[in-house]
Amino acid sequence: MSEVLRLGIAGLGTVGVGVVEIVQKHGALLKRRTGCEVAVSCVSARDSSRDRGVDLSGYGWVDDPVTMAERDDVDVVVELIGGSEGIAYDLVKTALSNGKSVVTANKALMAHHGAELAELAEANGVGLSYEAAVAGGIPIIKAMRESLMGNEIAALYGILNGTSNYILSEMRTGGRGFADVLKDAQAKGYAEADPAFDINGTDAGHKLTLLAAIAFGVKPNFDAVELNGIEHLLLEDIQFAEELGYRIKLLGITQKIDGAVVQSVEPCLVPRSSPLWAIEDVYNAVYVDCDAVETPFFSGRGAGRMPTASSVMGDIVDLARGIRVPVFGMSSMHLLDAVHAPMDRVKSRFYLRLNVVDEPGVMASITAVLRDFGISIESMVQRGRAPGEAVHVVLKTHGALTGDMRTAVEQIGALDVSVEKPCLIRIEDDL
Ligand SMILES: NC(=O)c1ccc[n+]([C@@H]2O[C@H](COP(=O)([O-])OP(=O)(O)OC[C@H]3O[C@@H](n4cnc5c(N)ncnc54)[C@H](OP(=O)(O)O)[C@@H]3O)[C@@H](O)[C@H]2O)c1
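Reading the values: the criteria
- Residues numbered from 1 in each chain as written.
- Predicted model: local features only at pLDDT ≥ 70, side-chain atom pairs only at ≥ 80, totals over all residues.
- Heavy atoms only, no water.
- 1 Å grid on protein atoms, 1.4 Å probe; cavity = no way out; pocket = protein on both sides within 12 Å on 5 of 7 lines; lining within 4 Å.
- Points joined across faces, edges and corners; volume = space filled by probe spheres on them.
- Helix = DSSP H or I, 4+ residues; strand = E, 2+ residues; numbered from the N terminus.
- Nonpolar A, V, L, I, M, F, W, Y, C, P; charged D, E, K, R; others polar.
- Salt bridge = Lys/Arg side-chain N within 4 Å of Asp/Glu carboxyl O.
- Buried < 20%, exposed > 50% of the residue type's maximum accessible area, 1.4 Å probe, protein only.
- Core = buried A, V, L, I, M, F, W, Y, C linked by side-chain atoms within 4.5 Å.
- Contact = heavy atoms within 4.5 Å.

Chemist: Mind showing me how you'd approach the layout of surface pockets here?
Modeler: Gaps left between atoms show up when a probe the size of a water molecule is rolled over them. The computed volume of the second largest pocket comes to approximately 540 Å³. Forming the boundary of the second largest pocket are 20 residues, of which His232, Lys421, Pro422, Cys423 and Leu424 lie nearest the centre. Of all the elements in the fold, those that place two or more residues in the lining of the second largest pocket are strand 10 (260-271), strand 13 (347-356), helix 13 (402-414) and strand 17 (423-427). Looking at side-chain class alone, the lining of the second largest pocket contains 8 nonpolar, 5 polar and 7 charged residues.

Below, the structure is given as structure tokens:
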């Protein structure tokens, strides 16, 4: 092990500056902990003239970050630019090919190219770490890839996107609609100017892809994630859920059904008894269903400068200690091409909100459709509006296959009495 580990930090935005701050603040502590000096050789961003609030004067400046991968004074490339393609992909690929370890916070890159990059890292005998890419400051990759390796994992449930969790929390506590809270989240800097990836499930899907790969020993496959976001949720859904004893959370879920891997991101009703119920605001959490340790639960800050930089530093410390762990928990040649199953085969109870005309016989026609699919109703809530206007009816069903439930809901939505697309949400009672 060498006495100095030299970093090239590509990207000096939210996370990159946090990493520089920690290296500067905890240099002596890091040296005592690792027996090795952690030093920054060079940094890169688009604008070299911008004051970033940290002293960069002792570091080399690199205009084209890909050239970091060729420098003799860089042992580890720390990729904090972002994006699944383009410069981040080129930089990571070149660094690994040139025998340099890579630490990244880039979930999009790892979800789309993880299998290829893991192989490249192995072929070149270097590390590829991405703790910060999943659930920000929570050390979930380390837990999954190291501590839980003695367990067979049956399922994993995560609140993996802080922005959507913040929006759902604010809608509930403030009694405000989705669009209003989203605007507020953007003003506070919790949501990007283009918040699409946060609210349509893509960001959580990237993270889920990586967790599923480790949990089941399969190649990461983002295309197999079924994505359902929170855009269509009404304040009424959140209030009805609460009345029924639940909170709505955007969950990334992966589980095995008859040997096939199911991956989904979707809003779910979570019961008060679940530890996920209490995870509010921008926090993240992961609940793992294991055979030996049962159901470990991890929670903490899922984003932000210092929590994310903390995870990046954890990976850097491993490299400083000479520790390299297989990227997805096993050698690439042992990772399987997963057989993926659609959500249709998942059985659960459901919340179904309908907006229907208020006239005799309406409920009979709805229950007739459900009966045809063998779906029985556990309870029903109706919220009246002004006389003659449509009403919201909320049904809670007993267990049913998602495929049956979806077809039934399509048929109900097509009935003349339905005035708006029904809203179907899975209930996760077993958490
Ligand atoms: N922010 C979080 O809380 C968080 C949490 C977990 C993971 N992540 C991940 O961490 C990564 C970085 O996120 P961030 O929030 O720090 O992003 P950010 O604030 O937008 O910073 C991105 C940095 O990359 C630089 N950059 C962009 N294009 C470049 C190019 N062509 N050449 C050189 N530098 C370039 C930018 O330069 P300029 O500053 O000059 O524009 C900027 O410094 C992403 O993969 C993100 O998904 C972020």
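Having seen the structure, we can now continue with the description.
Chemist: Looking at this structure, I do not really get the pattern of salt bridges. What am I missing?
Modeler: Pairing between side chains becomes possible if they bear opposite charge and their charged atoms approach one another. Tallying each qualifying case throughout the model produces 28 salt bridges. Glu242 is paired through a salt bridge with Arg172; the nearest N and O atoms lie 3.1 Å apart. Taken together, the residues span a long stretch of sequence, with Glu242 in helix 10 (residues 235-243) and Arg172 in helix 6 (residues 162-174) at a distance of 70 residues. Here Glu242 falls in the partly exposed class, since its relative accessible area comes to 35%.

Chemist: When you look at the nonpolar core in this model, what are you seeing that I'm missing?
Modeler: Across soluble globular proteins, nonpolar side chains have a tendency to be buried as a group. Of all hydrophobic cores here, the largest spans 81 residues; its most connected members are Ile140, Met144, Ile167 and Phe328. Considering every element that reaches this core, the biggest residue donor is helix 9 (residues 202-216), with 8 residues. Aside from chain neighbours lying at most four places away, what touches Ile167 is Phe178, Val181, Leu182, Ala185, Ile199 and Ile230. If you look at the next biggest cluster of nonpolar residues, it comprises 32 residues, including Leu12, Val15, Cys36 and Val317.

Chemist: Mind showing me how you'd approach the environment of Tyr283 here?
Modeler: Within the secondary structure, Tyr283 is located in strand 11 (residues 283-290). A relative accessible area of 33% means that Tyr283 is categorised as partly exposed. The spatial distance from the C-alpha of Tyr283 to the C-alpha of Ile159 is 8.0 Å, given a sequence separation of 124 residues. The contacts of Tyr283, once residues within four sequence positions are left out, are Ile159, Asn165, Gly300 and Arg301.

Chemist: Sorry if this is basic, but what is going on with the side chain of Ser129 here?
Modeler: By the element assignment, Ser129 lies in strand 6 (residues 128-129). In contact with Ser129, other than residues within four places in its own chain, are Val102, Val103, Thr104 and Asp315.

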